[in-house]
Amino acid sequence: MTFSLELSDDVIEVRNWVHDFAEKVVRPAAAEWDEREETPWPIIQEAAKIGLYSVELFATQAAEPSGLGMLTVFEEMFWGDAGIGLSILGTGLAAASLAATGTPEQLGEWLPQMFGTVAEPLLASFCASEPGAGSDVSAIITRARYDEANDEWIINGTKTWATNGGIANVHIVVASVHPELGSRGQATFIIPPGTKGFSQGQKFKKHGIRASHTAEVVLDDVRIPGRLIIGGREKFEERIAKARAGKSSAGQAAMKTFERTRPTVGAMALGVARAAYEYALEYAQQREQFGRKIGDFQAVGFKLADMKTRIDTSRLLVWRAGWMAHNDKPFTNAEGSMAKLVASETAVYVTDEAIQILGGNGYTRDYPVERMHRDAKIFTIFEGTSEIQRLVMARAITGLPLK
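Rules behind the numbers
Residues numbered from 1 in each chain as written. Predicted model: local features only at pLDDT ≥ 70, side-chain atom pairs only at ≥ 80, totals over all residues. Heavy atoms only, no water. Helix = DSSP H or I, 4+ residues; strand = E, 2+ residues; numbered from the N terminus. Rg over C-alpha atoms; globule rule 2.2 N^0.38 Å. Buried < 20%, exposed > 50% of the residue type's maximum accessible area, 1.4 Å probe, protein only. Contact = heavy atoms within 4.5 Å. Areas by Shrake-Rupley, 256 points an atom, 1.4 Å probe, with all protein chains shown as cover. Lys, Arg positive; Asp, Glu negative; His and termini not counted. Charge placed at Lys NZ, Arg CZ, Asp CG, Glu CD. Patch = residues over 30% accessible without salt bridge, like charges linked within 9 Å, V, L, I, M, F, W, Y side chains within 5 Å. Salt bridge = Lys/Arg side-chain N within 4 Å of Asp/Glu carboxyl O. Phe/Tyr/Trp six-rings, centres within 6.5 Å; stacked < 30°, edge-to-face > 60°. Domains from an automatic or database assignment. Buried area = accessible area lost by both parts, 1.4 Å probe. Nonpolar A, V, L, I, M, F, W, Y, C, P; charged D, E, K, R; others polar. Pairing = 2+ DSSP bridges. Axes fitted to C-alpha atoms, helices over the stretch in contact; angles between N-to-C directions. Parallel < 35°, antiparallel > 145°, perpendicular 65-115°, else oblique. Left-handed = near helix turned anticlockwise from the far one by under 90°. Core = buried A, V, L, I, M, F, W, Y, C linked by side-chain atoms within 4.5 Å.

Trainee: Describe the overall build of the chain, and please don't skip the residues or the numbers.
Mentor: Each helix and strand in the chain was counted, giving 14 helices and 9 strands. Over its C-alpha atoms the chain spans a radius of gyration of 22 Å, differing by no more than 12% from the 22 Å that the globule rule assigns to 403 residues. Sorting the 403 residues of the chain into buried and exposed places 51% on the buried side. Pairs at least 24 residues apart make up 73% of the contacts formed inside the chain by residues separated by at least 6 positions. Total accessible area on the chain is roughly 18200 Å²; 54% of this is exposed by carbon and sulfur atoms. Seen as two clouds, the 43 positive and the 50 negative side-chain charges of the chain have centres 5 Å apart.

Trainee: Requested: an account of a negative patch on the surface, with residues and values cited.
Mentor: A cluster of like negative charges, contributed by Glu-6, Asp-9, Asp-10 and Glu-13, occupies part of the molecular surface. Along the chain, Asp-9 falls in helix α1 (residues 9-36). Residue class for Asp-9 comes out exposed when judged on its relative accessible area of 67%.

Trainee: Any chance you could break down the packing of aromatic side chains for me, citing the residues and the numbers?
Mentor: Tallied over the entire structure, the rule returns 12 aromatic pairs. Ring geometry for Tyr-279 versus Tyr-367: centroids 6.5 Å apart, planes at 80°, classification edge-to-face. Here Tyr-367 lies in the loop between α12 (335-358) and α13 (369-376) and Tyr-279 lies in helix α10 (residues 262-286), a separation of 88 residues in the sequence. Residue Tyr-279 is classed as partly exposed on the basis of its relative accessible area, which comes to 28%.

Trainee: Before we move on, can you summarise helix α6 (residues 91-101) with the specific residues and values?
Mentor: Turning to α6, its buried residues are Thr-91, Gly-92, Ala-94, Ala-95, Ser-97 and Leu-98. In this structure, the buried residues of α6 make contact with α3 (55-62), α5 (82-89), α7 (104-115), β1 (124-127), β4 (170-176) and β5 (186-191).

Trainee: Which residues make up the domain arrangement of the chain, and what values go with them?
Mentor: By domain assignment, the chain separates into domain 1 (9-122), domain 2 (125-245) and domain 3 (253-398). The centre of domain 1, based on its C-alpha atoms, is set 21 Å off from the matching centre of domain 3. In this complex, domain 1 contributes 26 residues to the contact, which on the side of domain 3 involves 26 residues. When domain 1 packs against domain 3, the two sides together hide about 1900 Å² of surface, and 60% of this comes from carbon and sulfur. Taken as a group, Leu-71, Glu-75 and Trp-79 account for 30% of the area that domain 1 buries against domain 3, more than any other trio of residues on that side. A salt bridge links Arg-274 to Glu-75; its shortest N-O distance comes to 2.7 Å. In terms of residue count, helix α4 (residues 69-80) provides more of the side of domain 1 that touches domain 3 than any other element does, 7 residues in total. Of the residues that constitute the side of domain 1 that touches domain 3, the class distribution is 14 nonpolar, 5 polar and 7 charged.

Trainee: So what's going on with the pairing of β5? Which residues, and what values?
Mentor: For β5, a buried count of 6 out of 6 residues is recorded, marking the element as mostly surrounded by other parts of the structure. Of the two faces of β5, both are covered, the one formed by Gln-186, Thr-188 and Ile-190 as well as the one formed by Ala-187, Phe-189 and Ile-191. As paired strands, β4 and β5 are joined by 6 bridges and run antiparallel to one another. Bridging from a neighbouring strand, Ser-176 pairs with Gln-186 of β5.

Trainee: How would you sum up the packing of α12 against α13? Please name residues and give values.
Mentor: The interhelical angle for the contact between α12 and α13, taken along N-to-C directions, is 155°, at an axis separation of 9 Å. With respect to each other, α12 and α13 are oriented roughly antiparallel. At the point where α12 passes α13, the crossing takes the left-handed sense. In this structure, α12 uses Ala-347, Val-348, Thr-351, Asp-352, Ala-354, Ile-355 and Leu-358 to contact α13, whose residues at the interface are Val-369, Glu-370, Met-372, His-373 and Ala-376. Per-class residue counts for the contact of α12 with α13 are 8 nonpolar, 2 polar and 2 charged.

Trainee: Would you mind going over the nonpolar core in detail, with residue names and values included?
Mentor: Core analysis: the largest hydrophobic core is formed by 111 residues, its most contacted members being Phe-78, Ile-88, Met-114, Phe-189 and Ile-357. With 13 residues, the single largest contributor to this core is α10.

Trainee: Talk me through the packing of α1 against α13; I want residue IDs and the actual numbers.
Mentor: Relative placement of two packed helices is described by the angle separating their axes and the distance separating the axes. As a packed pair, α1 and α13 sit with axes 11 Å apart at the nearest point and diverge in direction by 70°. Judged by the inter-axis angle, α1 sits roughly perpendicular to α13. Crossing geometry of α1 relative to α13 is assigned as left-handed. For the pair formed by α1 and α13, the contact residues are Arg-27, Ala-30, Ala-31 and Asp-34 on the first element and Arg-371, Met-372 and Arg-374 on the second. Per-class residue counts for the contact of α1 with α13 are 3 nonpolar, no polar and 4 charged.

The following block contains the structure:
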């Protein structure tokens, strides 16, 4: 399929549907849930009622031919509010991990349990980061050991910065089985609800995205059935044998898959940036100083021009990377990292400029750009910091092992 900037009628219909929900349900509730710093269950319930929070939506958008469907969903939801948006769509991170390498049996059993039902929506959590292992995934020290006599995995460790951590129904946990192999010795496990030894640690009070629950989770001699290693134990052992023989393995492919999830984060950042720009533009067209609309002053007009340019540039990079990922085009220049880097730094820049255009008003919580500015910063940090994105890109461009 060739790359096109013209969205299909189906993508446009879904985009408009999500935008309508973001405008009428999410935005009016954004300030309240930011202040409460709690998971907005009533909003998640509303999203479930209309099918926006569902296995079906994620499945249909993942299969959408252009690769742009899911990106537009994320952009519109985060245009509404980043904290609430992450509460509604954060389950998708765990679902994507399961869908990437899970067996058909695992998908059939656990995907429905991640989302729950319309009457009782549930959440899922993807747990990778640790107190001593954020960007450096090879430093993960959470350990998983196979107990052959009982056909069980025994897992010990602590995960941090987990979206929905501790309140999710299903947790997906990355652990090291063969530490000597680094990231290639790691596997991903399904932790069912009510598992003994699994608990929530501290809940973090954050600078932004406050409506999204972020916490530590602790695994203390957690025992799960042997079948709950994602992809199955047989395939895992095959991958380990290849790694020990120095051959290319699925572990390396998994790192490439992680790189390909970054356009989605770019779409989140893009939504926040667009929301701040639109608010600042409307304000500049109405606010008067010295007898003129402030947008009539060159200093403000140039800011808006730069904001709009960076937003459109970000969208082009995000869409290109999304199309490439969906159509299995190699990221020879780390296009996924490029999209995430530019979009996330654009969100920080645009929300900062929006505050500047609003002046003192922009610095108060009476105006939404203050919240958007706080929300934007996380995009330069999670799913790989801006520094890590530049490192990945530099390695891809030069072919050299930069450190």
